[in-house]
Amino acid sequence: MSATGEGFDPNRNSRAVSEVVELVSTLIRFDTSNTGDLATTKGERECAQWVADQLHQAGYVTEYVESGADGRGNVFARLEGADPSRGALMIHGHLDVVPAEASDWSVHPFSGAVRDGYVWGRGAIDMKDMVGMALAVARQFKLEGTVPPRDLVFAFLADEENGGKWGSQWLVDNRPDLFDGITEAVGEVGGFSLTVPRPDGTERRLYLVETAEKGLGWMRLRAKARAGHGSFLHEDNAVTILADAVARLGKHTFPLVLSDSVAAFLAAVAEETGLEFDPASPDIEGQLAKLGTISRIIGATLRDTANPTMLQAGYKANVIPQTAEAVVDCRVVPGRQAEFEREVDELIGPDVEREWITKLDSYETTFDGDLVEAMNNAVLAHDPRGRTVPYMLSGGTDAKAFARLGIRCFGFAPLQLPPELDFTALFHGVDERVPVEALEFGTRVLEHFLLHS
Ligand SMILES: [Zn+2]
């Protein structure tokens, strides 16, 4: 079956569109909370096996893999395309979610409730929405005998919320064969709409495609000095030395560096809105604030950041401890790693040592070529007032692991969102939810995109 044939109605309720809400709701009911600790993380195996069952029922052969630790379940399925000589396209999503405190929520975070036009629950946005859409489209293609233009690999993964240590990173290091022949990939965080005002009073929907990610580094700082009695004169105090370094680092503003992705995003938004963005202005953050809450992400991609997040020292009120430690969450613009580390060393000084607990490189690709064209066409087919624009994510995704294999990665999990929804606040937030209409729209766009990629 081809969706490009005569009489194709882009808004028809395909099989995938009909079942996507139920799939997303069921996925949310698997509590796959990732605590970052192997002993307490749970649910991924059950969720992955359920995903594999859904694929089996549609006729797929699947491969279930545990990524280096018990229960860290991943599922892979391949659909052969018309031209096997072309590299495969991977559609990936993670099955784990960050934990949720049920008492803070309006609905139980693992209820998957469908209410008031939304599917509610932890993972509704990050990212069981995309997992459900990919699963729905994968099932439809197989059940209807659709042959896409190139091989498609559907990958459902563990441990993304812990940097992929027991997920994508482990798989890339230990099972690179799973990614044989894959040249490009789409996953989170991109494809969602941002509604911006036009100078003539109308509105325009931009669809943000992620083409770059800042590097992620969790850094431990340690000061070692002389232990002693808290009542004595004591100039060599590890707590003071560390606190000084942490304060200097936390208050520091790193230089503004405009990457190609951020420059292209700002140019496109300026063109659509008539707003001016002057990266050289000391008030660039204030200018970005006019874009609404997305400025939290965009503002963070203009420069490196180093936010202290943990402090630890001492064991008794009257004992000066020998060591004091801190953890700093560092996010580094592509191309800046060496310069960033040099600046950090200068700020913390010679008496504080540092080490990386986790370090994942930044990533950037260009916003051009056939796959980008296919994303653009798929969005336009379902939203003629839309426009795709590249942007850089301040956080990290599984794309960081796949980029190590030379795979060209994009964030493209399409969602058309109501302008008033504070989308960025839903990531890891309370009352995480996704509009039913956004899921249905996204499924149509994904289907169109995969049929023309
Ligand atoms: Zn995610």
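Cut-offs and rules
Residues numbered from 1 in each chain as written. Predicted model: local features only at pLDDT ≥ 70, side-chain atom pairs only at ≥ 80, totals over all residues. Heavy atoms only, no water. Donors = N, O, S within 2.8 Å, 3.2 Å for Na, K, Ca; no water. Tetrahedral: all angles 85-135°; square planar, octahedral: opposite > 155°, others 65-115°. Helix = DSSP H or I, 4+ residues; strand = E, 2+ residues; numbered from the N terminus. 1 Å grid on protein atoms, 1.4 Å probe; cavity = no way out; pocket = protein on both sides within 12 Å on 5 of 7 lines; lining within 4 Å. Points joined across faces, edges and corners; volume = space filled by probe spheres on them. Buried < 20%, exposed > 50% of the residue type's maximum accessible area, 1.4 Å probe, protein only. Pairing = 2+ DSSP bridges. Axes fitted to C-alpha atoms, helices over the stretch in contact; angles between N-to-C directions. Contact = heavy atoms within 4.5 Å. Expected span 1.5 Å × (residues − 1). Arc of directions from axis to C-beta.

A. Representation of the coordination of the zinc ion within the structure. For the zinc ion, every protein donor is listed as His94 (NE2), Asp126 (OD), Glu188 (OE) and Glu188 (OE), and the spread of their distances is 1.8 to 2.6 Å. Geometry at the zinc ion is irregular, judged from its four donor atoms and the angles of 53 to 154 degrees they form at the metal. In terms of primary sequence, the donors binding the zinc ion are separated according to H-x31-D-x61-E. You can see histidine 94 sitting in strand S3 (residues 88–94) and its partner aspartate 126 sitting in the loop between strand S5 (118–120) and helix H3 (128–143), a full 32 residues away along the chain.

B. Fine view of the layout of surface pockets. Space inside the largest pocket adds up to approximately 830 Å³. Along the walls of the largest pocket sit 39 residues, with Asp329, Arg331, Ser394, Gly395 and Gly396 positioned nearest its centre. Among the secondary structure elements, those contributing two or more residues to the lining of the largest pocket are helix H4 (168–174), strand S10 (215–224), helix H5 (238–251), helix H8 (295–300), strand S12 (305–313) and strand S14 (323–332).

C. Inspection of the pairing of S10 at higher detail. Counting buried residues in S10 gives seven out of ten residues, a clear majority hidden from the surface. Of the pairings in the sheet, the one linking S10 to S14 comprises ten bridges and is antiparallel in character. For leucine 216, the partnering residue across the bridge sits in S14 and is arginine 331. Pairing of S10 with strand S15 (residues 352–360) involves eight bridges; the strand directions are antiparallel. By the bridge assignment for S15, leucine 216 is matched with leucine 360.

D. Examining the sheet that holds S15 more closely. With antiparallel pairing, the four strands of this open sheet are ordered in space as S12-S14-S10-S15. Taken across any chain shown, the strands that pair with only one partner, and hence form the sheet edges, are S12 and S15. The sheet shows a mean angle of 20 degrees between the axes of neighbouring strands, taken without regard to direction. Alignment of S12 against S14, held across eight bridges, turns out to be antiparallel. The residue bridging asparagine 307 from the neighbouring strand is aspartate 329, located in S14. This element, H5, spans S10, S12, S14 and S15 of the sheet and lies at about 155 degrees to S10. Those strands touched by helix H9 (residues 337–348) are S10, S12, S14 and S15, and its axis lies near 150 degrees from that of S15.

E. Main features of H9. In this model H9 runs 16 Å from its N-terminal to its C-terminal C-alpha over twelve residues, within 8% of the 16 Å that 1.5 Å per residue would give. Inspection of H9 places Phe340, Glu341, Glu343, Val344, Leu347 and Ile348 among the buried residues, and these make up the whole buried set. In an axial view of H9, the angular spread of the buried residues amounts to 160 degrees, which keeps them on one side of the axis. Projecting away from the buried face of H9 at angles above 90 degrees are the exposed residues Ala338 and Glu346. Each element contacted by the buried residues of H9 is listed here: S10, H5, S12, S14 and S15. Phi for glycine 349, located one or two positions after H9, is positive at around 80 degrees.

F. Highlighting unusual backbone geometry. The amide bond that connects aspartate 126 to the next residue, methionine 127, takes the cis arrangement and shows omega of -15 degrees. Within the fold, methionine 127 resides in the loop between S5 and H3. Geometrically, the link from glutamate 188 to valine 189 is a cis peptide bond, its omega value of -15 degrees lying close to zero. Within the fold, valine 189 resides in the loop between strand S7 (182–187) and strand S8 (192–197). A positive phi angle is found at aspartate 116, which is not glycine, with a value near 55 degrees. Exposure remark for aspartate 116: the relative accessible area of 64% places this residue in the exposed category. Phi is positive for aspartate 159, close to 60 degrees, though the residue is something other than glycine. In this fold, aspartate 159 is placed in the loop between strand S6 (152–157) and H4. The class for aspartate 159 is buried, based on a relative accessible area of 0%.

G. Structural context of the environment of glutamine 54. Within the secondary structure layout, glutamine 54 lies in helix H2 (residues 44–58). On the basis of relative accessible area, glutamine 54 is assigned to the buried category, the value being 10%. Sequence separation between glutamine 54 and alanine 136 is 82 residues, and the spatial gap between their C-alpha atoms is 9.1 Å. The contacts of glutamine 54, once residues within four sequence positions are left out, are Leu23, Leu135 and Arg139.

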